[in-house]
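# Secondary and tertiary structure notes
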Amino acid sequence: MLQLYRRHVKSCRFWTGKSTNGNRRDHNCRCPVWVDGYLNGVRVNRTLGLRDWTRANEIARDWEIAGGIQQEARASTTVVEACDAFMADAEAQRMSESTLKKYRVLLNKHAPEDRKKFSPSLLQYCAESGLQFTPQITLPALDRFRAQWKDGPISGGKKLERLRAVGRFFVDRGWWSENLALRLKRP
């Protein structure tokens, strides 16, 4: 039987120290989900590469039904599809129109004449850089994307917060293994 638990990171409120790594029963956080137990007499103790508890339960259940670990073929999602999915989710959460507008500025394309005056959107930057799929967006690519922002320190910090929210969404969907936007420093 497989048991799920979270491996708490140092910034987590359930982190208790280097050796204990928190309480395995505490899973009301965003730390990575791991699986531990025996499957057909073989010990399994590994990460699922997810932070979504529901999706992790589905994977563990599928492994138990199949009687073994099955590698899931990750379907690469295009950046356009991922940004559209984020915007659809944001609209489903009934965010205010001003918040949605700020996410559109960060993610969606602008008119070509606006390029000199405004910062590029994520879609525009990815199209110019030849990045078609979400796994192709790496930390150096995000650094170059942020370097093109024409915002002041406060606006740039707020835009970075929105980019981190997009990164959390990508991690939850399995498009990124970790939120790379968290590694970017504030301006």
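Quantities reported herein were computed from a predicted structural model and do not represent experimental measurements. (Residues numbered from 1 in each chain as written. Predicted model: local features only at pLDDT ≥ 70, side-chain atom pairs only at ≥ 80, totals over all residues. Heavy atoms only, no water.)

### Some words on the layout of surface pockets
In this structure, the second largest pocket occupies an estimated 330 Å³ of space. In the lining of the second largest pocket, the residues fall into six nonpolar, two polar and five charged. (1 Å grid on protein atoms, 1.4 Å probe; cavity = no way out; pocket = protein on both sides within 12 Å on 5 of 7 lines; lining within 4 Å. Points joined across faces, edges and corners; volume = space filled by probe spheres on them. Nonpolar A, V, L, I, M, F, W, Y, C, P; charged D, E, K, R; others polar.)

### Some points on the nonpolar core
Ranked by size, the top nonpolar core spans 32 residues in total, and within it Leu107 and Leu163 carry the most contacts. Broken down by secondary-structure element, the contributors of at least two residues to this core are helix 2 (79-92), helix 3 (97-107), helix 4 (122-129), helix 5 (139-147) and helix 6 (153-172). When residues in this core are grouped by element, the largest group, seven residues, is from helix 6. Beyond its immediate chain neighbours, meaning those up to four positions away, Leu107 contacts Cys83, Phe86, Met87, Ser121, Leu122, Leu123 and Val166. Core analysis: the second largest hydrophobic core is formed by 13 residues, Leu4, Val44, Leu48 and Ala56 among them. (Core = buried A, V, L, I, M, F, W, Y, C linked by side-chain atoms within 4.5 Å. Buried < 20%, exposed > 50% of the residue type's maximum accessible area, 1.4 Å probe, protein only. Helix = DSSP H or I, 4+ residues; strand = E, 2+ residues; numbered from the N terminus. Contact = heavy atoms within 4.5 Å.)

### A short note on the packing of aromatic side chains
Evaluation of the coordinates by the stated rule reveals seven aromatic pairs. Relative to Phe169, the ring of Phe86 lies with its centre 5.3 Å away and its plane at 80°, an arrangement referred to as edge-to-face. Of this pair, Phe86 sits in helix 2 while Phe169 sits in helix 6, and the two are 83 residues apart along the sequence. Considered together, Phe86 and Phe169 belong to a single accessibility category, that of buried residues. Centroid distance Tyr125 to Phe145: 5.5 Å. Interplanar angle 45°. Geometry classified as tilted. With Tyr125 in helix 4 and Phe145 in helix 5, the pair connects residues that are 20 residues apart, well separated along the chain. (Phe/Tyr/Trp six-rings, centres within 6.5 Å; stacked < 30°, edge-to-face > 60°.)

### Some remarks on unusual backbone geometry
A positive phi angle is found at Asn40, which is not glycine, with a value near 55°. When you line up the elements, Asn40 lands in the loop between strand 2 (33-39) and strand 3 (42-50). Owing to a relative accessible area of 61%, Asn40 belongs among the exposed residues under this scheme. Of note in the backbone geometry, Arg94 takes a positive phi value of approximately 60° without being a glycine. Within the secondary structure, Arg94 sits in the loop between helix 2 and helix 3.

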